[in-house]
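# Survey of secondary and tertiary structure
These are the residues of each chain, in order.
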Amino acid sequence: MADIILSEAEKIFIVHGIQDNFREDGRSCDDYRQMELETGLISNTSGSARLRLANTEILVGIKVELEEPKPEKPDTGRLEFFVDCSANATPEFEGRGGEDLATEIMNFLSHSYSSETVLDLKSLCLVPSKLCWVFYVDVLLLECGGNLFDAASIAVKAALFNTKIPNVSISQESEDTELNVSDDPYDVKRIDVSRTPCIITLSKIGHCHVVDASQKEEACCLARLMMAVTAEGNVTAMVKEGSGSLDPSSVSDMMQSGKKIGQELNYKLLEKLKEEEQKGLKRQTVGFLR
Amino acid sequence: MLTSKIFVKKTKRGGVMKVVREHYLRDDITCGSKLCCICEHTTSKQPLEESPFSRSSLCPRAHYLLPDTNVVLHQIDVIEDPVVTNVIILQTVLDEVRHRSIPAYKRLKDMLANPDKHFYTFCNEFNKNTYIEREPGESVNNRNDRAIRQAANWYSQHIKSVNIVLITDDNENRSKATKMGLEAYTVHEYIKSLKDAGSLLDRLANPLSRITIQGGKVLFPEHLPLSEIQRGIRSGKYLQGTFFASRENYLEANISVENRDSMVFIQGMINLNRSVDGDIVAIEMLPEEKWSCPSSLVLVDREEQQTEEDDIDDSEREVKNLVPKELRQPTGRVIGIIKRNWRQYCGVLQPSLLKESTRHLFVPAEKKIAKIRIETRQAEGLSNKRIIVAIDSWPRTSRYPLGHFVRELGMDLQKRIDLRHLDICSVDPPGCTDIDDALHCRRLENGNFEVGVHIADVSHFIRPNTALDKEAASRGTTVYLCDQRIDMVPELLSSNLCSLRSNVERFAFSVIWEMSENAKILNTKYMKSIIFSRASLTYAEAQMMIDDTSRQDTVTVSLRHLNRLAKILKKQRIQNGALCLASTEVRFYVDSETHDPIDVQVKELRETNSMVEEFMLLANISVAEKIKSEFPNSSCLRRHPAPPPSNFEPLIKAAASKNLKLDASSGKALSDSLDKAIFPENPFFNTMLRIMTTRCMMQAVYFCSGMLPEEEYQHYGLATPIYTHFTSPIRRYSDIIVHRLLAVCIGADASYPELLDKHRTQVLCNNLNYRHKMAQYAGRASVNLHTQLFFKTRVQDENGYVLFVKKNALQVLIPKYGLEGTLFLNTPDKGVGSIFKYNEEENTQSAGEVVFRVFDPLTVQLSIDRSNVQHLKLSVRLVHPYIPGFSVPPAREGQTTEGTEPPSKKKKV
Amino acid sequence: MAGLELLSDQGFRIDGRRPHELRKIECRLGVFRQADGSAYIEQGNTKVLAAVYGPHEVRGRRGKALHDKVVINCQYSMATFSTGERKRRPRGDRKSQEMTMHLQQTFNAAILTTLYPRSQIDIFVEDLFETTSIVDFNHFEESFGGAEVIVATLPRSDQIIFLEMNGRLHEDHLTAVMDRAIAGCKDVYHIVDRVVREHVSERSAAIGSEINNG
C-alpha cells in the first residue's frame, strides 16, 4: 500500500494529539476532510463520479451492459466491481504494483454490495435466465491521500446515483426475445441508491479511533475496522484490518460511532447529489479542469 | 472562427453502447446568397442568385426553395428539371437522403455541383444559430423537421428581400411552419402553380391521394405491418423470401425462402398481393388442400388500359383447385412486404386508344415486371421511344403499381475521344463473336505511322462491385470448348454491346502509338474512345487482302502497314530472346446436327495471326509499364518465371541423342539454339523440339505488383521485364482490372478502395490463376473428348514420331491431328511379357533389330479401346516398323470398329 | 457505398471542423499534489491525465541505471471505462503497449537526457476518455483516404522526433500531410505553451505572496 514513512517523534505527536481529540490537521476524531464531488463527467459511461477527498482522488465510471444472469441467480442483475490503481498516484503502482491494494478495495466493495437489501437487483433482470443488466463499476484511483476505501465507496454510490439505464422494451413471443432500445437519449431509467452503503473506516490510533485517517495517521495506525453502513444504520459488511489487535469493547465502541457517522454521511451525500441533479441538463461539468 | 462549444450526440447502437461524438458549432457558415452582405462569403460559394425569377403564381415574389427530405427523395425527378433553381439543401436533408437512398443522393450531389441549378448546401447542423438539440420525448424525425423549420426561419430573418419557401408534404410540419410565419407549400401546390410547368407535372411522383379512384374498390388484401411480420416470422407463422415473378405467366410467382430447398409457389393476383419481382416478402403457407401447381399456360397481361373499373377477375384465369394431389406444390400467399426492391425500369408506353388521355400504362421491357400506370401529357412524343419509369406506390385500390416518367433513353458519349473517322478493323479466328480487339494504322504527315489498338471497353459496362462484376471476377475467364464457349460476361455484352463488331459504333479503350518507319515507338497515348469498325475479318480474309496486290482500299493498306511493322517488332522481340514455342492446336469440324466431329485439322498459322499477336503484346507491355508507374503497389501484372535449369534436362538429353547441343542457359541462348536445330530430312523435328521445350516451362501467373520485388516481374517466354493482360477484357477478368487501373491513370474513371488494395488484388489474382488453369484443363478435356468421338467409328493408320521414350511405353505425336498418344509396349492381355528392352542410359526401347529413339518416325493405328466402358480411351497400336507378335496389320480402307452401332442421334457434348 | 464521408463537399468533417482545425483543447497543470509534475488535457472528448515523477534514483533493479543519461520510464494506461466498449484491463494490451513505446520514444528524444545520469524520470499517462485518437502530446490526424500520420515535433526547432504512418497514402501527398501535421503540432504547442506560462505566473505570484505573508 502507498505508505509513507514517519519518524517516531512524528508518530507520537499525532497519537498524543488524537488522544486530546485534536488531529494534526485540526479536525476532531469524527470529522471528515473536505470533499469535492462531481457526477456525470465522463459522457461515454452510463454513470460516473469524481471524488476528491483532500488529496485522495477517485474516478468511477459505470457502464451498463446486457448479459445473461448468473445461473444461481437467474432473476437478478448484478454489479461487477473493478479497481485500478493508476501509476499517476505513485510510481509504486506501476505495472502490477497496485494490484494487491486494488483487489482489497474491490473485494470489500463487492462484499458491501452483496446484501440483497442494498439494491433492487431484481429490477435489473429483463428476462429471467436470459437477459439482465450488468453494472460494470470501474474505480480508478488517481491519487492517494489516505482513506481510500471510504472515498471509493462514496464515489461508487454517487456514480450509481448518476447511472442512467437506457429504456429497453422486450417483446417476447414464443422462444425468442426481441430487444428494442429506445432511440431517445432522454428515455432512461435510474436505480434507487437510498439503501446502498458507504464504507466507514475507523482507525485505531493509540487508545482512540478516528474516521477518515490521513496518510500520516494511517502510518500510526495498527488496526482498523472497516464497515459498510447504509442510511438506515445497517451494516452490510465489516472487516478488521491491520497488524494490531482490538479488544471486544473497543470494537463495539467503534461500531457505534461507525454507524452513527455512516448514517450521517449517507444522508448528506444523497442530499448533495439531489442538489446537483436539480441543476438539470444545462449544468456544465468541470472535471479535472476545475 | 471556431466556436469551441462541444455538443455531445449520443447514439445507442447494437444494444446499449453509448456513442459520444464531438460536434462543433461554428459562426462562419455562410448562407450562400449573392444578396447577403452579412456573411463573410468566400467567392464562388454564393450560388443562390440575387433575383431568382419566379414562375409560381402562388409565390410571385422572388424566392428560394427549401425542400424537406421526403420531397427531395420522392420528387428528385422534378427537382432535376432545369425549371427548378435556387434551392437551399439543408445538411439535415442531405444527410437523411444519403442514409435512405444512395442513388437519390448521387443525383442530388450532381445537382449541387451544377452551377446552372443554383443549388446551395447550407450546413445548418454546424451553424450555431440553426443547430438544435433533440428534446426529451422527441422523435428523430420530429427533431429533423424542427431543424428544417429552424433553418428556414433563420434564412427568413437573414435575407429579407427574397422569400424562403418551405416545400413539404408533411401536414404537421407545414402547419407548424405556417404558425411560425413561414411560407410553406406541398410539392403539388407549388409545381401546379408554376407557369409553363408543362411536362413537370408528369414527373411528380404519384402520391397516394392523386391517382386513386375516389371511393375506389379495394382490390387487394392489406399488407401486414412490419412488426407483426417479424413476430410472425419468428414464430414460424410466416416465411420470409425473395419474390421471383414467373416469366411465362403474370399471375404466378415463386418465392425463394431461405433454408428451404424448394420454392414456394404463389398463384393469382390476390395472393401475389402487389409484389414486384425482387421484393423481399413475407408469405403465409396455404393449407395443403389449396395447394396448386404452375398452370403451364403462357399468360400475358393484355388488360386494356381503358378498363377503368380495374377489376381483378382471378376466378376466370386461375386454374381452379382441381390440381391432382401428386402435382401439388407447396403454395402460399403474400401477406406483407419486408423490403421493396423497386428500381427504375426501361420499357415503352402501351399504345393508347384515347389520344387525349393523360393516364397511360407503361410496359416494362422485362416481362417479370408488372405494367405501371403513369400520368403523362407527352404520350404522343414518347410513343415508340424507350423510356425510364419509376414505381412510386401500389395502393390497394389499384390494379397496377403507380409510377412516374423519369426520362427518355439515349446514348451518352461523355468525354470520349471520337475515333469513328479511323479505318479500324478487327482480325479474329472464324466464327468469333466476342471481338476484344481492333486495329488501325495510318501514315502521318511527318512520315511516321500512327498505330492504334482498340480494345472493347468492358469496364464501362461492368462497374465495380455490381453483381455482374462479382460474377465475372469469380468466373475469371471465358472457357473455350471445342464447339461452345462458357462466357465470363453475359452474352448481350460479350457478343454484342462490348464486342467490336463492324459497322456499328462501339466504346473502346484505345492505345495509340506514334511509330517510326522501323517500328520504334515515339510516343504512346491511352484514351477512352468511340470507334466504328469497318470490317470484322478472319485471319484468312485479312491474309488474302494483304496478299491481293490489286486491293488498295484504306483497310487493306492499313493491314499491310501493320503487317510490315509487326514483322519488325517480332524480329526485335526474338532478338531480345523471346521464345517461339510450339503447341499444336486442333480444330474440330462438328456436324451441326449430331454434334459429332467430322473432321480434325491442325489450326493453321498465318502471318496475320502473328501480326495481331505482335500488337497485342505491344499494347500489353505499354499498358503494364503505365499502370505500374502509377500504381507500383497494386497493379495486376502477369509474370512468367524462368524455369530452373533442371527442367531442361530431358530436353537437352533428347537433343543430345541426335547429337545436338542445346543451350538453355538463358532465354536468348535457348531461342538461338532452337533456331539452329534443323534436320532437313525430318522437317517435323524442330517443331517437336519446340513442343518439348514448352513442357519445360513454368506456368505464367497473374500477381499484384506490390507483393513481389521488381526483378521477379519478368516474363521469360516473351523476354520482357514487365507484362500484363489488357487486350481481352471480354474473356479475361484480369484485363478488366487492368482497364480500370489504366482508366484511373488517365483520369477517365474513378478508383475505388479495393482496386488499390494490394492484398485484395493478390487474392483476386490467385483466383484468376486458378480459373485460368481450370479453363485450360477443361479445354484440353474437351479436345480429348472430341478426339475420342472422332475415332469412335474409325480405325486409322497415321504417321507419327516418338516424342518420349518411357519405361513401358512410347509417347507418340501424330502431327496430322496434333494429337499425342501412348503406345504401350507391354501388352499384358496377350499373356506375354514385354518383348522390349529399355535402355535407360541411351533412352531407347528395342525389340530384336528394331530400336526406338526419340524423334524416330513410325506408323501407328488409332482406334478406340472399349474394354473399359467408363474410360474409353484412344488406343495406339504399332503398324510400322513391323515387330512380330506386337505390331498389327494395316487398317483396311474405311474399317470401323467391330460391333459399332450407328452414331446416336442426340449426342450431347 | 454508404460509407462515411470523411470530408463533405462543403469542406467540413463529420464533427463540423474544417480539415486543418484541431479539436478544442483545454489544459490544466498541477492536478496532483503528490506527483512532481502533472497535467490534465482535453482535446475534444479525449481526456488524459499525466503525472511525472523524478528525476529520482532508479527504482527496482539497479542495473537499469544508465551511466550517461537518465532513464525515461513511461506507462500508458486506459481507464476500463474509457472506450466505447468496456475494456477488460487497463494495460498490457497491444494498443497501450504501443502507446507506451511511442511515449518512450518521443520523450527520449525530447528530454535532454544527459543532464541527469544514473537517475530515472517516470511519465505516467492515464487515458480517461478515448475517442478517435489520443492527444497527450503533439498528435495530428489527417484523414486522407483513411491514412493516418502521427507526428511529434520539437516546437522550437521544428525537428520531427516521432513519425508513424498507418494505412495507405500516396507518396505525392506525404509532404502536404506532413506540413499539415507539423502545423497542427505548432498549434497545439501554442495552446499548451500559453497554459504553461499562465500556470507559472500564477504559481510564482502565489509563492511571492506566501513569502510576503510569511
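None of the values given here were measured: they were computed from a predicted structure.

### A few points about the sheet that holds strand β32 (residues 819–824) of chain B
Residues and elements named next belong to chain B. If you trace the 5 strands from one edge of the open sheet to the other, you get β32-β31-β30-β36-β37, paired in antiparallel fashion. Both edges of this open sheet fall to β32 and β37 (873–880), since each of them pairs with a single strand only. Across the sheet, the mean angle from the axis of one strand to that of its neighbour is 45°, orientation sign disregarded. Packed onto the sheet, helix α24 (residues 758–791) meets β32, β36 (857–865) and β37 and runs at close to 85° relative to β36.

### Focus: the interface of chain A and chain C
In this assembly, 26 residues from chain A lie in contact with 26 residues from chain C. The element best represented in the side of chain A that touches chain C is strand β6 (residues 131–143) of chain A, accounting for 5 residues. Its residues assigned to classes, the side of chain A that touches chain C shows 11 nonpolar, 8 polar and 7 charged.

### Points about the packing of helix α18 (residues 554–575) of chain B against helix α19 (residues 607–630) of chain B
Residues and elements named next belong to chain B. The contact between α18 and α19 brings their axes to 9 Å, and the two run at 65°. In terms of orientation, α18 lies roughly perpendicular with respect to α19. Crossing geometry of α18 relative to α19 is assigned as left-handed. Counted together, L562, N563, A566, L569 and K570 of α18 and E607, S610, M611, E614, F615 and L618 of α19 form the full contact between these two elements. Residue composition of the contact of α18 with α19, grouped by class: 6 nonpolar, 2 polar and 3 charged.

### Quick notes on the pairing of strand β13 (residues 344–349) of chain B
All names here are of chain B. Where β13 and strand β16 (residues 387–393) come together, 4 bridges link them in antiparallel fashion. Paired with G347 across the strands is I387, a residue of β16. Relative to strand β14 (residues 359–364), β13 is paired through 3 bridges, and the arrangement is antiparallel. Residue pairing for β14: L349 is matched across the bridge by F362.

### With respect to the confidence of the model for chain A
Averaged over chain A, the pLDDT score is 89; the fraction of residues at 70 or greater is 96%. Across chain A, helix α3 (residues 148–162) of chain A holds the top mean pLDDT of 95, while strand β9 (residues 176–181) of chain A sits lowest at 69.

### Focus: the nonpolar core
Counting residues in each nonpolar core, the largest one holds 110 residues, and the members touching the most others are L562 and F615 of chain B. The dominant element in this core, judged by the number of residues it contributes, is α19 of chain B, at 10 residues. The contacts of L562 of chain B, once residues within four sequence positions are left out, are L439, C441, V451, M611 and F615 of chain B. Core analysis: the second largest hydrophobic core is formed by 103 residues, C132, I205, V210 and M254 of chain A among them.

### A word on the confidence of the model for chain C
All names here are of chain C. Per-residue confidence for chain C gives a mean pLDDT of 79; residues scoring 70 or more make up 84%. Looking at the elements of chain C, mean pLDDT is at its lowest for strand β6 (residues 148–154), recorded as 74, and at its highest for strand β4 (residues 71–78), recorded as 91. At the level of chain-chain contacts, confidence expressed as ipTM amounts to 0.86, with global pTM at 0.58.

### Describing the sheet that holds strand β5 (residues 119–129) of chain C
Two pairing modes exist for strands in a sheet, parallel and antiparallel, and in both the strands are linked by backbone hydrogen bonds. All names here are of chain C. Taken in spatial order, the 5 strands of this open sheet run β1-β2-β3-β5-β4, and their pairing is mixed. The outermost strands of the open sheet, each flanked by one partner alone, are β1 (25–29) and β4. Across the sheet, the axes of successive neighbouring strands diverge by a mean angle of 15°, strand direction being ignored.

What counts, and at which threshold
- Throughout, residues of each chain are indexed from 1 in the direction in which the sequence is written.
- By the order in which they are written, chains take letters starting at A while ligands take numbers starting at 1.
- At least 70 in pLDDT is required for a residue's local features to be given in this predicted model, at least 80 for side-chain atom pairs to be given and counted, and no such filter applies to totals for whole chains, interfaces and linings, which use all residues.
- Strand pairing follows a simple DSSP-based rule, namely that at least 2 bridges must link the two strands.
- Strands are runs of DSSP state E lasting at least 2 residues, helices are runs of H or I lasting at least 4, and numbering of each runs from the N terminus.
- Only the contacting stretch of a helix is used when fitting its axis, a line to C-alpha atoms as for every element, and angles between N-to-C directions run 0 to 180 degrees.
- Working definition of a contact: two residues with C-beta atoms, positioned from the backbone, lying within 7 Å.
- Following the grouping adopted for this structure description, the nonpolar residues are Ala, Val, Leu, Ile, Met, Phe, Trp, Tyr, Cys and Pro, the charged ones are Asp, Glu, Lys and Arg, and the polar ones are all others, Gly among them.
- For classification, angles of less than 35 degrees are called roughly parallel, those exceeding 145 degrees roughly antiparallel, those between 65 and 115 degrees roughly perpendicular, and all remaining angles oblique.
- Should the near helix be turned counterclockwise from the far one by less than a right angle, the crossing is left-handed, whereas a clockwise turn marks it as right-handed.
- Values of pLDDT, the confidence the predictor places in each residue, fall between 0 and 100.
- Joined through C-beta atoms within 7 Å, a set of buried Ala, Val, Leu, Ile, Met, Phe, Trp, Tyr and Cys residues constitutes a nonpolar core.
- Here exposure depends only on C-beta density: within 10 Å of a residue's C-beta, 20 or more other C-beta atoms make it buried, 12 or fewer make it exposed, and intermediate numbers make it partly exposed, the C-beta atoms being placed from the backbone.

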